[in-house]
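Listed below, chain by chain, are the residues.
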Amino acid sequence: MPNTAIQATGLVKWFGEGEARTMALREVSLEAQFGEMVYIVGPSGSGKTTLLSVLSGILRPNEGKVLVEGADIWRLSPDQLADFRLGKIGFVFQDYHLFPRLTTAENVAIPLILKRKNWEEAIHEAEKYLDIVGLKSRAGLAPVKLSGGEQQRVAIARAIAAQPDILILDEPTASLDGDTGHAILSFVHKNILNKDRCILVVTHDDRIYEFATRILNMEDGRLNGLQERPV
Amino acid sequence: MKGILRLAYKLLVNDKSKFTALLLGITFAVFLIMFITSMFSGVLNHASATVINIGASVWVMDPAVKAVFNSVGMPDYVLDAVRSMQGVKYAVPLYSGGALVKLPDGTFQSVTVIGLDDTSLFGRPSLLEGKIEDIYTESGFIVVRDAEFPKLENPHIGSELQLNDHRGVIVGIAKVTTSGLFGAPTLYTTYERAIQYIPNPRYTISYVLVEPKSASDIPQIKKQVEALGYQARTKQEFMKRTADFFIYETGGGTNILIMTAISFIVGLSISGQTFYTFILENLERFGALKAIGAKSRDLVGMILFQATFTAFTGYGLGVGLCALLIALAKLRLPSYAAKMTFSDLLIGLGMVVMIATVSSYVAVRRVLKIEPFDIFRG
């Protein structure tokens, strides 16, 4: 496996046309290595989430290239892109986006089910990931019965269930109190990050900066070189 | 795909309030559609009661006859001519008409009188009480025990009737496959007695019942009858002609069509709206699935499965509810004119499939448009 997980060059993304055009990304280039936990920080509206979406194959850039493990993801067909997201990327959404009508184990099993694993096998495997995040005893409960921190851990279990190479956490502490947020990121740093996995975190919570390998600061759609600093 | 469909099933069924509302909508629509079409089928079936009960293969009649209860008298030579036609095994006359019976309390009750061929008694009913040969005794009548039977004050063997100022005696009590449509009790007697008791115009034969030598002889019998200036119809053709009369010439068909369309629109509105709301409320989740890596065809499959599952469950419940209600109604009113036919079931199924198709089409369009990026943006 090459050591560079993501290599993005000259990313430009705008929304709207004519006078209504808003630049979200302006010539953004970055590299992330396996074994790194890279933070993208910056004020609201600076383009962090847009960058994350472009890097993860969700939002097509107007210009630029994204290579994941050496392959240009924006040359893939929609179905190949979906397979790429399913196999290579794990998402932890800001609002978790857990399914309230499914049990915790069923939520975690979703990527496995999308990978065409049979139901029982997927649930059995999901319980293993719930065990990793310390929630095996909660497997049969609905997500609404869990605390915010527990829901976040379920979302992490779901994100790693398909064993992705790249994990994306969007504002992981936004809905949590300080201690819980810190504990969650500490857990991710200790148990989920490894030499074969790259983790990208979008946040503006400086209480969790201590877990970052690098912090990239975004402002007005640009990654400012000065803010790229090793921790 | 099985796992994805199970996921779709759980997302649908675990949302109990929405699923119940969806099922109620479709069940109600199916129930309405089934009930209306079943009632109409029942009416059509009862309208052809004489054709069904007599059971002749071929009926010869005046071309002006539009339904079995609107017979036009034919001269006797028609019977003789038919009997001499090629392919005819035998032919007998049938009288079908109405009369008034004076009840012991002085009130009058209209009845249907069927006059069977004196020699063969072809088309005679199955007797519950009495002997068929007693129909030949003086003033002998057989009464049908159906829902209208009590209107003659529950007569028994030996009961006397006054029929058009003639004395009649009940000599048998019979049962038939299908009751008549117009709520009149049915009396069977011989052809000769029928035309003697009931005032008639010049020609008295209502129908000539024909038994062909074989089914392949029917076309040539029809041609020969047509050459005579009359018409020969098979049992099914005659029933269809009677049904067509109700559907196209009484406005009944139009009314049923309108009612069925209204039921369809009601069902489509309730189910379509509820299903669309269900999809809208789950739009974020579908977006999340898309972001995680679900392909468009996975999502389409999920929606189609949800729509189909709901539609068929609702269809089953609607049909079951309709059947239950008809059965309950028949317990209280044995002559209740409702009958669920395969055509009714197919019409109901077609409507449900259309409801599911329209609902899922709208939902699929909405889900395919959602961008996973919207999930990131919150």
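Since we're looking at a predicted model, the values are computed, not measured. (Residues numbered from 1 in each chain as written. Chains lettered and ligands numbered in written order. Predicted model: local features only at pLDDT ≥ 70, side-chain atom pairs only at ≥ 80, totals over all residues. Heavy atoms only, no water.)

## Section: the overall build of chain A
(1) Moving on: Scanning chain A from terminus to terminus reveals six helices and 11 strands.
(2) Moving on: Taking 17 Å as the expected radius of gyration for a compact globule of 231 residues, we find that chain A reaches 17 Å, a close match to that expectation.
(3) Moving on: By principal-axis analysis of the C-alpha atoms, chain A measures approximately 50 × 40 × 40 Å.
(4) Moving on: Of all 231 residues assigned to chain A, the portion counted as buried reaches 56%.
(5) Moving on: Taking as baseline every contact in chain A between residues at least 6 positions apart, the subset at least 24 positions apart corresponds to 69%.
(6) Moving on: Carbon and sulfur atoms make up 46% of the accessible area of chain A, which totals about 9,700 Å². (Helix = DSSP H or I, 4+ residues; strand = E, 2+ residues; numbered from the N terminus. Rg over C-alpha atoms; globule rule 2.2 N^0.38 Å. Buried < 20%, exposed > 50% of the residue type's maximum accessible area, 1.4 Å probe, protein only. Contact = heavy atoms within 4.5 Å. Areas by Shrake-Rupley, 256 points an atom, 1.4 Å probe, with all protein chains shown as cover.)

## Notes on the confidence of the model for chain A
(1) Moving on: Residues at a pLDDT of 70 or more form 96% of chain A, whose mean pLDDT is 88.
(2) Moving on: In this model residues 226–231 of chain A is a low-confidence stretch, pLDDT under 50, and it forms 16 contacts with partners more than four residues away in sequence or in other chains. (pLDDT = per-residue confidence, 0-100.)

## Observations concerning the pattern of salt bridges
Residue and element names in this part refer to chain A.
(1) Moving on: Considering all chains together, one arrives at 24 salt bridges over all chains under this definition.
(2) Moving on: Measuring nitrogen to oxygen at the nearest pair gives 3.4 Å for the salt bridge that ties Asp72 to Arg75.
(3) Moving on: For Asp72, a relative accessible area of 18% gives the class buried.
(4) Moving on: Between Arg138 and Glu150 there is a salt bridge, with the nearest N and O atoms lying 3.0 Å from each other. Pair noted here: Arg138 is in the loop between helix 4 (119–132) and helix 5 (148–161) and Glu150 is in helix 5, with a separation of 12 residues, a long-range link.
(5) Moving on: Using a relative accessible area of 29% as the deciding quantity, one classes Arg138 as partly exposed.
(6) Moving on: The class for Glu150 is buried, based on a relative accessible area of 13%.
(7) Moving on: Through salt bridges with shared partners, a single ionic network connects Glu69, Lys88 and Asp165. (Salt bridge = Lys/Arg side-chain N within 4 Å of Asp/Glu carboxyl O.)

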